[in-house]
Structure formats: structure tokens, C-alpha cells
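Here's the letter readout for the chains.
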Amino acid sequence: MSIEVSGLTKKFGDFVALDDVSVSLPTGQLTALLGPSGGGKSTLLRIIAGLDTADSGTVSIEGVDATGLPAQKRNVGFVFQHYAVFKHMTVAKNVAFGLEIRKRPKAEIAHRVEELLELVHLSQFSHRLPSQLSGGQRQRMALARALAVEPSVLLLDEPFGALDAKVRKELRDWLRRLHDEVHVTTVFVTHDQEEALEVADEIVVINEGRVEQVGSPDQLYDEPANDFVMGFLGEVTTLGGVVLRPHDIEVALQPGLAGAVRGTVTRVLRVGFEVRVTVRTGDGDPTAVSAQASPETTVVLTRTHARQLGLDAGTQVWLTPASGATTVSSMAPAGRRAAVTSGV
Amino acid sequence: MVSPPVKWGLRVLAVGYVFFLVAWPLALLVRQTFGNGLGNLVDALGDEQVTGALQLTAMIAFWAVVINLVFGVTISILLVRYEFPGKRVLSALIDLPLSVSPVVVGLALVLAYNGRNGLVGPELEARGVQVIFDSPGMIMATCFVALPLVIREVVPVLVEVGDDQEQAARSLGANAPQTFWRITLPSIKWGVVYGVVLSLARSVGEFGAVKIVSGNITGRTQTATLVVEQKYQNFQQETAYATSFLLILVSIACLLVVAFLRPKHDS
Amino acid sequence: MTSTPVLERPASPEGRRPRRVRRTTPRSTLTRGAGLGLGIAMLWFSILVLLPLSAVVAAAAEGGWGRYLSVLQNDQTWAAVTLTVSQAVLVTLVNVVVGTVIAWVLVRDRFWGKRALDVVIDVPFALPTIVAGLVLLSLYGPNSPLGLHWAFTPNAVTLALAFVTLPFIVRTVQPVLEELETDVEEAAASLGAKRSTIFRRIILPSLVPAITAGAALSFARAISEYGSLVLLSGNKPYETEVVSVRVLTFIENGNTASAAALASVMLAIALVVIVLLDVLQRRVSRRG
Ligand SMILES: Nc1ncnc2c1ncn2[C@@H]1O[C@H](COP(=O)(O)OP(=O)(O)OP(=O)(O)O)[C@@H](O)[C@H]1O
Ligand SMILES: [Mg+2]
């Protein structure tokens, strides 16, 4: 295990930002810390890096207990959301900083800086000041700067958060390729589930200071531990007491299958190649769970399929979960459900 | 937004007020200095009392600025980057010298440090340290009155630049002194420069507190501002004008440094 | 790498503890080096400021209330106090109006020479106070080209105080006005507000804290002024003698006890102003 965190608790005044968090991250992988804003992702990352101290709990990096170690002794590379570039230094000087602190020979530093700027495609900008770079370039520079000291782990706090959607996507692919090349244990924070699912080997879902689930993208998507994880990774709807994805529902015009829920189409909305159909299921239906459970179910179909069925407002339909659909019981504790709605 | 007559009214009021209160009197004084060509200046610079006082002023201002620089930067960093009990009280007390009369400052230092019956003065004197009527007291008086100036310039800059560059430096292995010299200081450089320049102007010009603490001993503890007073009262007004002119040059130079550096580096 | 991350969380059915716990007192975040720095800085601050000021208070307290009363009841002292306070109030009021106007002109107006005006505003701050008196004498003294012979009259006190306090309100209001976007005014105008309404409802309220902070500084400076008055006002008892001069006279006559008593009254006023300023500054500017 490259990073072992156990029993971390962190309070800000009377606010619990991390609540007894334990997690182990294996060597050489790219792990995403995923969760809603304010969930405690940055706090966890900063404690791992030594930039904050926990109230209790331990952190060990590469088998060494790092709990009491100051940031500068942890050999951790940290990339900040807003780059934290050294404004008064050139790009090359920024990248060289960690090596100069370590008093490496000049020639070695020059060589390594050149190599790293090559790696992040910034060679031709080495003599510029950070203010003369674009956001994406600055972030690549910050990455090179963190990699320069050959850190045992690389931590990135929403590295692409401040960039526009297109650059974000480019850099995300680039990070994945870079990781495949460099193989340093990497943890990055994001609140974008698509980013996590696409890039990471492992995902740790954090909400309200607690770890909700740890697993590969497939595991998380197919076997969510609870309705929070399920809801956070994609759109969900409820049907007959279970939470499931809107495209995992089969629509029939006759009551064929056992356990099918009868309902009336109230709205049909075309969005691109999809059709979103809202079905009211509650009324007089014996399978409806309870009065307060939402009597509305959202179903997503392809355009062609919707046209074949001839769906329109008022159409009577029978709904069943598709076979193999991921479902979670919606009868979670009240506190949990509140967490879902307030958290996202 | 504002109608032209109102705008003109305000403009005339602002410019007129400053002109009659500051600009015109200042210009008149400069003219009086050069009433008979360079004669006044040459005479003043040939007067040992004046040159000695200028040297003493330079020495005192230098040490006061150095001490306030170190103290000011330290306190600013502590106030902005750390939490500790009593911080708020300290932050308010720092501004106290802004509103204490120089005469009270002088009196306070005398009461604490005079060798005859001061609070701790006699003990210091017994160990051979003379504070009052000597340079240490004059440097302290000057430090006191200029105390908040560096802090008032540096604190907003420290807040503005934030601490993420410092954190980045720490994560890259830099220890506290390395972080300070390589990251913090370069990024607050201009705030520090303004603070120093303003302190310098204030230190060179200090009068009341120094007058009391120094004892105003001609040729030994008399600073440039004290010479101006004495010469004027002794009807050597030309020398007083010339010495004032030199002091004005210093303060205007300080102002111009601030005025021309600031906009360039604010953007 | 086949090992999967392990999740170790105590499985508790009801799950979440309440997120709110009782407030903990703000902890010190000082590192060892920072603590040492704070210690040395505080030592110096005590030697330079706290110890001498307590010496004043101690010396003043020796005589008890009786001394305070007898010092203040002295006619000449009382006249100095009245003169100083009334002049300080007058000058502060002038500054509130003129200082705000100058700040407005510097921020919103454009004309040739504005940059020079901006620099000249700071001259009183940078000029040695004794020189300030001399400067004012050249226009308002015996050889006044305007024929205004104000030296050694109460007018000289007003003049000197107005001179040294000029920058305070301008420099506190100016940055606030700069931050107050013209958009806000334009938005208000587009909503149909009259100019006077915009000024009263939009501009003035946002300037009030800055103006008050500047006024506090200006008042504090005015009641404690000494240097610029030495040559200009003549220090005539009952007429142009201010409190600082009175304290100095006590000192020069060896009457340290009375000097300390009067000085401690001035210190108390300074403290009040500083507390007010601290409260206001938290609203106007940023200080950690
Ligand atoms: N220095 C601090 N003082 C007080 N509260 C803080 C501090 N830092 C973080 N918090 C609180 O702790 C909680 C967790 O913050 P954290 O920055 O870890 O969230 P996050 O998951 O990174 O969110 P985001 O995705 O918005 O960055 C938040 O509610 C935040 O308000
Ligand atoms: Mg964050």
C-alpha cells in the first residue's frame, strides 16, 4: 500500500470536515476522490500532503508513518486547484524550485527541467513568466513542478477545475496517458463523476466527511453501496420502491410481465437522441410503496424506441426494471436520504 | 453621471483647497530658499551644526527603518498567516502610535528610561546603557511614531497574495526560512518597499518625541528638524529655509518613489 | 497491481454521528519558529510601547484623582483642552466634506494635472511637521503675499491641523470609491433612481465606514499635533496653546506629574479612537 489513512478526524471549530476516515491506496494506481462540494476531499488530500494536520488518526506513506511529518519532509507532489504558480519566477525556475531546494547539481537540474518541460509540452515556454501562460499551460507547469522532485505520491486537488470544458477534457486524457508513462501513485480530487469514471483506476466516494464507497469505476457503477453513490454517479429515478437508472426501465403497452407497475404518461420530452418520458404511477396502484414516495418515474428511451411505442401524454404503460439493472432499495434511513438531497 | 456644473464645482473645490493649503505655501518656501540663488543652501551646508544634524538624522532614520522593517514584516506575517490568542488585541494596539501625540511618546520614554528616576532607567544606567539624551532613546522615539507604517502596507499585500504559493513551496520541500526568502518576500516586495519609504519619510521628519528624548543638545543630539526650529527662532531664517528645503527634497523623493512604483505593480 | 483498496469503516447501522459538536476555542496555529518570532516581537513591542505608556499611567496615578482634577481645573490647561478639541472637531468636519470631495475627484474625474494632485495630497504626510509650520508661514505669515497675517492667531491652529490631517479621509475613502463600480450607480440609474437618491442610497452608505475611519484618524492626529504648531501658532496661553504644548511646558518646568496626568487623558482618548478604528477597519479593509 502506498498511502494508508486510518481513523482521520478533522474539525474546523465546531464543524466536522472529516469523520473517522480510513482508506488504503495501492502503489502505482490512479485514484479519484469523488464527492460533492464541501464533502471533505480537499481536506483529506491536504492532510495526506501535510498541509493540514488532523485532530486524530494516522497517515502513512510508503510504509513510513508520516502523521507528524511536516509537508516538506513527506516527498509528496501537490498540484493545487488554482495552480499556485510562483508568479515571480519563470516557468523553468518554477519547475526547478524543488530540485534547487534539494541542492542538486546545476547541470542535473537543467537536464531534468528540460526533460519535464518536454513531457508536459512546454519546452518553448521555459523562459516565460506564468502570467504569460494560459490556464491549461499553467496547470501543466504546476504538474511538472510537482513531478520534478520525483515524489513518492502525486496529489492533485481538482487539477482541472478552473479550466473550461474542452481544455478540461484534453488535460484529463493527457493525465491518464501521463500516468501510464510515469506510473507514480496518483490521487486526484474531482466532483465531476464523468472525469472520475473515465480516468481513474479506483474511485473513493466521499460525502459529508465520510467514505461512502471504494471501488473500480465498474464496481461503483454496477454495485453502488447505497443510493447516495448511485445518485452521485448518474441520474436515478424510483420505481416500485427501488432506485434505478432511467434507462434501465422497460416500457410495455400491455400488462405482460409479473410485477409490472401501471402508470400514465404525463410528459414526453425530446433531448437530442433521447426521449425522457415522465410516468405517473402512484394512483390506486397496489405496488406503490407509500404515499410520500414519488409517484412519478422518469424513463429514458431512444428516439426510435419511443416512436415505435407511440408514447404520448395520456398513454397507459406498464413499467418493469430491465433485467440486469442496477437497483438499490429506496428505503434508506431518513438521515441518509436527507444527505442525498442536501449533498448534491 | 454628475452634471457638468456640479462636476466643475467639485473639481475647483478639490484643486483650490489643496492649492491654497499645500501647493502654494510649499512653492513659496522653495522660492524663499533660493531668494539669493544658491547662497542659502551653500551657507547651510557649510554650517557644521546643520551638517552634523543631517548626519545624525540619517543615522537615526536608518536604524529606525531597519528595526521597523524587521518588526513590521514579522508582525504582518504573524497577523495574517497564524492564529493565536490575543491576536485581535495586538492588531489593534499596533495602530496605537498613529493616535498618540509625539509629546506623549517622548514623555513616556523619558518616564520609563531616564537614568535618574525612570521605571527601568537607573538599572540600565548602572549597566552603562544610556537611553535618554542619547541615540538609543532617539531611535526608539522614531521607531515608536513610525511603527505601524510597514505593517499597514504589508498586511493587505499578504492577504492579497494568499498562502497557496507558500504551501506549494512547502510541498516541494522548502523549509520555513527558504519559503520566506524565496517565495513570501519576493511576492510582498512592493508592499515592503512602500512601507519602508513611508517609514523613512516619517522617521526623517520626527520632531516632538525626539525633541523631548534627545534633550536637544546642540552638536550632539540635535537632529535636522530640531535645527530648523532653533535656527528659525534665532533669526537665522535663511538657514532654516535651506535645511527645510533639504528635508522637503527627501520627503518629495519618497512620495515620488511610491507614486511611480505603485500603479505599475498593482495591475 | 491486483490489490484493491480496502475500506475500513466501523459498520454502525444508524450511521452518522451528528455533524455538529460543541464549539472549540480557536487554537493557536503557531509553529515553533513563528512562536519564537512572536515572542521576540512582543518583547520589543513591550519595551518600546507598553512599558513606557504604563510608566505614564503609573506616574499619573501616583497623585490619584485629586491630581487629575487640579490639572484639568487649571484655567490655562482647560483653555488648551477646549481649543484643541474644538479645533480638532472643526478640522475633522472640514475633512469629511473636502476629503470626500477630493477622493471623488481623484477617482471619478479626469483632468490635466490629476496625477500631480494625487501626489500632493500625500505631502503633508511625508513632510516633517516642523517644516509644515514653516511652509504655512510663507503664505499665511508676516510676509503673506495674500495679506493674511494668521500667524499666532487661532486661525493658525486650524490651518496647521487642516494641513497635517489632509490625507487621512482622502486615502481611506479613495480605495472604497474605486471598488464601488460605476455599474452599481448605472444600474440604480437604469432602475429610475434620481441622482440625489443614488448618492444618498447607494454611494453614501458604502462610504460611511471609510469616512468614519478616516475621520477617527484625522481627529486623533489633530488632538495630538505638536510640531507644525511650534513656529506657526506662537503658543500663546489661552489663545493658541494646544494640549501637546501644554504637556511640553509641564515637562520643561519639571512638573512631570502634571504632564503625566494630562498625557494619560490624551492616551485614553487615543485608545478610544483606536478601538473605534479597529472596529471600522474590519469593515473597510482587510486585516488578518
Ligand atoms: N480552513 C477552514 N476553516 C473552516 N472550515 C473549513 C476550512 N477548510 C474547509 N472547511 C470546511 O470543511 C468542509 C470540507 O471542505 P473541503 O475543502 O475539504 O471540501 P471539498 O470536498 O474539497 O469541496 P470542493 O469540491 O468544493 O472543493 C467544507 O464544509 C468547508 O466549509
Ligand atoms: Mg476542494
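Residues numbered from 1 in each chain as written. Chains lettered and ligands numbered in written order. Predicted model: local features only at pLDDT ≥ 70, side-chain atom pairs only at ≥ 80, totals over all residues. Heavy atoms only, no water.

Trainee: Could you clarify how one ought to interpret the pairing of strand E6 (residues 76-79) of chain A in this entry?
Mentor: Within a regular beta strand, the side chains point alternately toward one face of the sheet and then the other, so they alternate between its two faces. All names here are of chain A. Here E6 shows two buried faces, one formed by Val-76 and Phe-78 and the other by Gly-77 and Val-79. As paired elements, E6 and strand E7 (residues 153-157) share four bridges and run parallel to each other. Considered in E7, the bridge of Val-76 is made with Val-153. (Buried < 20%, exposed > 50% of the residue type's maximum accessible area, 1.4 Å probe, protein only. Helix = DSSP H or I, 4+ residues; strand = E, 2+ residues; numbered from the N terminus. Pairing = 2+ DSSP bridges.)

Trainee: Explanation requested: a nonpolar patch on the surface in the structure shown.
Mentor: Together, Phe19(B), Phe20(B) and Leu146(C) give the surface a local cluster of nonpolar side chains, amounting to about 250 Å² of exposed area. The topology assignment puts Leu146(C) in the loop between helix H6 (129-140) and helix H7 (154-179). Judged by relative accessible area, Leu146(C) falls into the partly exposed class, the value being 37%. (Patch = residues over 30% accessible without salt bridge, like charges linked within 9 Å, V, L, I, M, F, W, Y side chains within 5 Å. Areas by Shrake-Rupley, 256 points an atom, 1.4 Å probe, with all protein chains shown as cover. Salt bridge = Lys/Arg side-chain N within 4 Å of Asp/Glu carboxyl O.)

Trainee: What is the right way to read the packing of aromatic side chains from this model?
Mentor: Within a pair of aromatic rings, the relevant descriptors are the distance that separates the centres and the angle that separates the planes. Scanning all chains against the criterion turns up 13 aromatic pairs over all chains. For the pair Phe78(A) and Phe80(A), a centre-to-centre distance of 4.6 Å together with 50 degrees between the ring planes defines the contact as tilted. Here the two residues Phe78(A) and Phe80(A) agree in accessibility, since each one is buried. With a centroid separation of 6.3 Å and an interplanar angle of 10 degrees, the aromatic rings of Phe71(B) and Phe45(C) are classed as stacked. (Phe/Tyr/Trp six-rings, centres within 6.5 Å; stacked < 30°, edge-to-face > 60°.)

Trainee: Got a minute to help me understand the sheet that holds E6(A) in this structure?
Mentor: Across a sheet, strands are paired by hydrogen bonds formed along the backbone, either parallel or antiparallel in direction. Residues and elements named next belong to chain A. Across the sheet, six strands lie side by side as E6-E7-E8-E3-E9-E10; this open sheet has mixed pairing. Since the sheet does not close on itself, it has two edges, and those belong to E6 and strand E10 (210-215), each with one partner. Sheet twist, expressed as the mean angle between neighbouring strand axes with direction ignored, is 15 degrees. (Axes fitted to C-alpha atoms, helices over the stretch in contact; angles between N-to-C directions.)

Trainee: Looking at this structure, I do not really get the interface of chain B and chain A. What am I missing?
Mentor: Interface extent is often summarised as the accessible area lost during association of the parts. Contacts between the two partners involve 15 residues from chain B, matched on the other side by 23 residues from chain A. Roughly 1,800 Å² of surface becomes buried between chain B and chain A when both sides are summed, with 58% attributable to carbon and sulfur atoms. Taken together, chain B and chain A are joined by one salt bridge. Taking the shortest distance from any N to any O, the salt bridge between Glu100(A) and Arg182(B) comes out at 3.4 Å. Here chain B is connected to chain A by six residue pairs in polar contact (both at pLDDT 80 or more). Tallied by class, residues from the side of chain B that touches chain A come to six nonpolar, six polar and three charged. (Contact = heavy atoms within 4.5 Å. Buried area = accessible area lost by both parts, 1.4 Å probe. Polar contact = N/O pair within 3.5 Å; in protein donor to acceptor, adjacent residues only side chain to side chain. Nonpolar A, V, L, I, M, F, W, Y, C, P; charged D, E, K, R; others polar.)

Trainee: What am I meant to see in the UniProt feature "transmembrane region" (unreviewed entry) in chain C here?
Mentor: Residue and element names in this part refer to chain C. UniProt records the feature "transmembrane region" (unreviewed entry) at residues 36-61, 81-107, 119-141, 147-170, 202-223 and 257-280, using the numbering of this structure. Structurally, residues 119-141 comprises 83% helix and 0% strand, and the distance from its first C-alpha atom to its last is 25 Å. The span residues 147-170 is 71% helical and 0% strand by assignment, and the distance between its end C-alpha atoms comes to 30 Å. (UniProt positions renumbered as here; feature names shortened; annotations may be inferred.)

Trainee: What am I meant to see in the UniProt feature "transmembrane region" (unreviewed entry) in chain B here?
Mentor: Residues and elements named next belong to chain B. The positions that UniProt labels "transmembrane region" (unreviewed entry) are, in the present scheme, residues 12-34, 54-80, 92-113, 133-151 and 240-261. With 100% helix and 0% strand, residues 54-80 has its two end C-alpha atoms placed 37 Å apart. Between the C-alpha atoms that bound residues 133-151 there is a distance of 29 Å. The span itself is 89% helix and 0% strand.

Trainee: Even after reading the chapter, I still don't get the packing of helix H3 (residues 48-81) of chain B against helix H8 (residues 135-161) of chain B, so can you show me in this structure?
Mentor: What describes two packed helices is the angle between their axes and the distance between those same axes. Residue and element names in this part refer to chain B. At a closest axis distance of 6 Å, the pairing of H3 and H8 adopts a crossing angle of 40 degrees. As judged from the angle between their axes, H3 and H8 are oblique. Here H3 and H8 pass one another in a crossing that is right-handed. Looking at the contact of H3 with H8 residue by residue, the class counts come to 24 nonpolar, five polar and one charged. (Parallel < 35°, antiparallel > 145°, perpendicular 65-115°, else oblique. Left-handed = near helix turned anticlockwise from the far one by under 90°.)

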